[in-house]
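Examining the three-dimensional arrangement
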Amino acid sequence: MNTLATPLVSIITVVRNGASTIFDTVESVRAQQGVDVEHIIIDGASTDGTVGIINVNQYDRLRLISEPDQGIYDAMNKGISLAQGEWLLFLGADDVLADPAVLVDIFQNEDLTSYDLVCGTSNYHSGQECVPRLDWHTLIFNTVHHQAAFYRRRLFDDFRYRLDIPVVADYEMNFLIHFQSRPALFLDRRIAISGCYGVSHTSSQLYGQFDAYRIRGQYVNVLLNIVLLAAGLGNLLFARLMGRFPQRKRPYGHGNCCRKR
């Protein structure tokens, strides 16, 4: 790898108190070969030794910022502003890239010239597979997982994640990509393996639906937005009745970015 070249891929990891998992995340990025990459880690002033672990495993393509922030999406926005790559991937601090050939398989074997979004699949440690899609479902809820999605840098030229949406602010970009018919490529290739115990799992999915309603309100009329909210709430009710969302206690973190407190 030419360490002096402008990175093709910027991998952004945001973390607060993720000492138990951050080493594996860093190592999974360091293991990538054949593609110019930078790993930007935005730490929210961790107190559990996270920064020490990162510093011990420092290498030339890793950039660390550690300071207080206003939450997950404030940290992501900082990472976006620092990123120099053509493509951005948001890899959580309890996530790992699936294997050392992830980046080379995508960026050397695929013609990505015309795409703004490139998605693969991801798996939770529990074994559950997440397969992304952009279709009518995206109007109702998030159907793309950060840790398996490469976003073209130009998408963020005039966009940053909202800080008043605590958990599902990443829905907005995915909604816009579908709403604006941006070109996207979906690959049958596993990108990441993700933690099972993050904020996106522990936070109320009911509140998430109302936050998605707030996001959509900038782009669709009120009547359509109400219909989409009703569809989302109906989907949650159906899933609950079918037992697909069992109630379990989980530690506080984030499925996309581990920020345990």
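Because the structure is predicted, anything quoted here is derived from the model rather than measured. (Residues numbered from 1 in each chain as written. Predicted model: local features only at pLDDT ≥ 70, side-chain atom pairs only at ≥ 80, totals over all residues. Heavy atoms only, no water.)

Helix-helix packing is characterised by the crossing angle of the two axes and by the distance between the axes. Two elements in contact, helix 7 (residues 205-216) and helix 8 (residues 222-241), have axes separated by 10 Å at closest approach and are oriented at 160°. Comparing the axis directions of helix 7 and helix 8 gives the class roughly antiparallel. Read as a crossing pair, helix 7 and helix 8 show a hand that is right-handed. Taking contact as the criterion, the partners of Q205, L206, Q209, F210, Y213 and R216 in helix 7 are, on helix 8, V222, N225, I226, L228, L229, G232, L233 and L236. Partitioning the contact of helix 7 with helix 8 into residue classes produces 9 nonpolar, 4 polar and 1 charged. (Axes fitted to C-alpha atoms, helices over the stretch in contact; angles between N-to-C directions. Helix = DSSP H or I, 4+ residues; strand = E, 2+ residues; numbered from the N terminus. Parallel < 35°, antiparallel > 145°, perpendicular 65-115°, else oblique. Left-handed = near helix turned anticlockwise from the far one by under 90°. Contact = heavy atoms within 4.5 Å. Nonpolar A, V, L, I, M, F, W, Y, C, P; charged D, E, K, R; others polar.)

Taken as a whole, this structure holds 14 salt bridges when the rule is applied. A salt bridge links R63 to E38; the shortest N-O distance between them is 3.4 Å. Taken together, the residues span a long stretch of sequence, with R63 in strand 3 (residues 62-66) and E38 in strand 2 (residues 37-43) at a distance of 25 residues. For E38, a relative accessible area of 3% puts it in the buried group. Across the pair R182 and D116 runs a salt bridge, and its minimum N-O distance is 3.2 Å. Highlighted residues: R182 in the loop between helix 5 (171-179) and strand 9 (184-194) and D116 in the loop between helix 4 (102-107) and strand 6 (117-124), separated in sequence by 66 residues. Of the residues examined, R182 reaches a relative accessible area of 34% and is grouped as partly exposed. Taking the relative accessible area as the measure of exposure, D116 reaches 3% and is therefore buried. (Salt bridge = Lys/Arg side-chain N within 4 Å of Asp/Glu carboxyl O. Buried < 20%, exposed > 50% of the residue type's maximum accessible area, 1.4 Å probe, protein only.)

Let us now look at the nonpolar core. Counting 32 residues, the largest nonpolar core has F90, Y151, F156, Y161 and M173 as its most contacted members. Put simply, the parts of the chain that give this core at least two residues each are strand 1 (9-15), strand 2, helix 3 (72-82), strand 4 (87-90), strand 6, strand 8 (149-152), helix 5 and helix 7. The contacts of F90, once residues within four sequence positions are left out, are I12, M76, I80, H146, Q147, Y151, F156 and Y161. Counting residues in each nonpolar core, the second largest holds 31 residues, with V15, I22, L89 and I191 among its members. (Core = buried A, V, L, I, M, F, W, Y, C linked by side-chain atoms within 4.5 Å.)

Here we take up the packing of aromatic side chains. Applying the stated rule across the entire model yields 13 aromatic pairs. What links up through ring pairs into an aromatic cluster is the set Y73, F90, Y151, F156, F159 and Y161. (Phe/Tyr/Trp six-rings, centres within 6.5 Å; stacked < 30°, edge-to-face > 60°.)

A few words now on unusual backbone geometry. The phi torsion at N17 lies on the positive side, around 60°, for a residue other than glycine. If you trace the backbone, N17 turns up in the loop between strand 1 and helix 1 (22-30). The buried category is assigned to N17, whose relative accessible area is 11%. Unlike most non-glycine residues, S181 shows phi in positive territory, near 55°. Counting through the fold element by element, S181 comes out in the loop between helix 5 and strand 9.

Quick look at the side chain of E38 now. Within polar-contact distance, the side chain of E38 engages the side chain of S10 at 2.5 Å. Those residues in contact with E38, other than ones at most four positions away along the chain, are P7, V9, S10, I11, R61, R63, L82, A83, Q84 and G85. (Polar contact = N/O pair within 3.5 Å; in protein donor to acceptor, adjacent residues only side chain to side chain.)

This brings us to the packing of helix 5 against helix 7. Helix 7 packs onto helix 5 with a crossing angle of 50° between their chain directions and a minimal axis gap of 10 Å. Our classification of the angle between helix 5 and helix 7 gives oblique. For the pair helix 5 and helix 7, the crossing hand works out as right-handed. Of helix 7, the residues touching helix 5 (which contributes Y171, E172 and F175) are A212, I215 and R216. Within the contact of helix 5 with helix 7, the residues separate by chemical class into 4 nonpolar, no polar and 2 charged.

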